[in-house]
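Chain residues, written in single-letter form:
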Amino acid sequence: MSCLTGIGRKLACKSNWGGVKEFYILEYVEGLLGLATISNDEITALSASQDVWKFEVRGAVILDEAQEVSRENNTTFYTQTFTAPLMKQDKASRSLFAGLSKSNAHIIVKDNNGAYRLLGAVDGLDIAVNTSTGDSLGAANGYILTATGVEKESAPYIAASAIGVAQDFDVQSTTIEP
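Model, not experiment: these values are computed from the prediction. (Residues numbered from 1 in each chain as written. Predicted model: local features only at pLDDT ≥ 70, side-chain atom pairs only at ≥ 80, totals over all residues. Heavy atoms only, no water.)

Colleague: Any details on the side chain of lysine 110? Residues and values, ideally.
Modeller: Of note, lysine 110 is situated in strand E7 (residues 104-111). The buried charged residue lysine 110 lacks any salt bridge partner; its closest oppositely charged side chain belongs to glutamate 22, at an N-O distance of 4.3 Å. In contact with lysine 110, other than residues within four places in its own chain, are Val20, Lys21, Glu22, Ala115 and Tyr116. (Helix = DSSP H or I, 4+ residues; strand = E, 2+ residues; numbered from the N terminus. Buried < 20%, exposed > 50% of the residue type's maximum accessible area, 1.4 Å probe, protein only. Lys, Arg positive; Asp, Glu negative; His and termini not counted. Salt bridge = Lys/Arg side-chain N within 4 Å of Asp/Glu carboxyl O. Contact = heavy atoms within 4.5 Å.)

Colleague: Before we move on, could you go through the layout of surface pockets and cite the residues and values that matter?
Modeller: Looking at the second largest pocket, its volume works out to about 350 Å³. In this structure, the second largest pocket is lined by 16 residues; those nearest its centre are Asp41, Glu153, Ser154, Ala155 and Pro156. Of the residues contributing to the lining of the second largest pocket, the split by class is 8 nonpolar, 1 polar and 7 charged. (1 Å grid on protein atoms, 1.4 Å probe; cavity = no way out; pocket = protein on both sides within 12 Å on 5 of 7 lines; lining within 4 Å. Points joined across faces, edges and corners; volume = space filled by probe spheres on them. Nonpolar A, V, L, I, M, F, W, Y, C, P; charged D, E, K, R; others polar.)

Colleague: If you had to explain the packing of aromatic side chains to someone new, which residues and values would you point to?
Modeller: Under the criterion given, the structure shown has 4 aromatic pairs. Between phenylalanine 55 and phenylalanine 97, the ring centres sit 6.1 Å apart and the planes meet at 20 degrees, which makes this aromatic pair stacked. One end of the pair, phenylalanine 55, is in strand E4 (residues 51-56); the other, phenylalanine 97, is in helix H1 (residues 91-100), and 42 residues separate them in sequence. The two residues phenylalanine 55 and phenylalanine 97 agree in class, both being buried. These aromatic residues form a ring-pair network of at least three members: Phe23, Phe55, Phe82, Phe97 and Tyr143. Taking the ring centre of tyrosine 157 as reference, the NZ or CZ of arginine 117 above it sits at 4.6 Å. (Phe/Tyr/Trp six-rings, centres within 6.5 Å; stacked < 30°, edge-to-face > 60°. Lys NZ or Arg CZ within 6 Å of the ring centre and 35° of its normal.)

Colleague: Mind laying out H1, listing which residues take part and the relevant values?
Modeller: Looking at H1, one finds that the buried residues are Ser93, Leu96, Phe97 and Leu100. What you see down the axis of H1 is that its buried residues fit within an arc of 95 degrees, all on one side. The exposed residues of H1 that point more than 90 degrees off its buried face are Lys91 and Arg94. Buried residues in H1 make contact with strand E1 (20-27), E4, strand E6 (75-87), strand E9 (125-133) and strand E10 (141-151). Where H1 starts, the residue carrying a side-chain oxygen 3.2 Å from the main-chain nitrogen of alanine 92 turns out to be aspartate 90. (Arc of directions from axis to C-beta. Polar contact = N/O pair within 3.5 Å; in protein donor to acceptor, adjacent residues only side chain to side chain.)

Colleague: Any details on unusual backbone geometry? Residues and values, ideally.
Modeller: Although it is not a glycine, asparagine 40 adopts a positive phi angle of roughly 50 degrees. Structurally, the position occupied by asparagine 40 is in the loop between strand E2 (36-39) and strand E3 (42-46). On the basis of relative accessibility, which here comes to 76%, the residue asparagine 40 falls in the exposed class. Unlike most non-glycine residues, asparagine 74 shows phi in positive territory, near 55 degrees. Inspection of the secondary structure assignment puts asparagine 74 in the loop between strand E5 (62-70) and E6. Using a relative accessible area of 71% as the deciding quantity, one classes asparagine 74 as exposed.

So this is what it looks like as structure tokens:
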């Protein structure tokens, strides 16, 4: 049986931008995709009753999803790495990051094209947070959040209409003003 889909791909228009606009961290839920409505390879509804923290970002935020294929073992999987610098250290952020780094999580990323993707959809992500202060007044002072995980499939897309408080996302009402 062929694994090919029988379709090609045209050259894309020059209306695409790199980068991440914002991301959400969700506490890990076993079987999260079982709580989702999926249509045409996209999550159109997601009913997960857990806390969700929203992070607005700019700059060098990187989402890398590397497909790894083993010819010897006849396997394929995806290693997901998400890195986000968050400027300015404060007590409230430190407390939040300390808790998040001790648990498993999911991350929803919104890119600069408005597309949402769910990282760690099945097996979750491990989060590590490094604190750094530069060597001069103009140097960075903040956190570098890194989330890593391994999944059998690439990160699924989520319809924009599935994001928001009205769609069962309990976005944290407490906002940290660093």
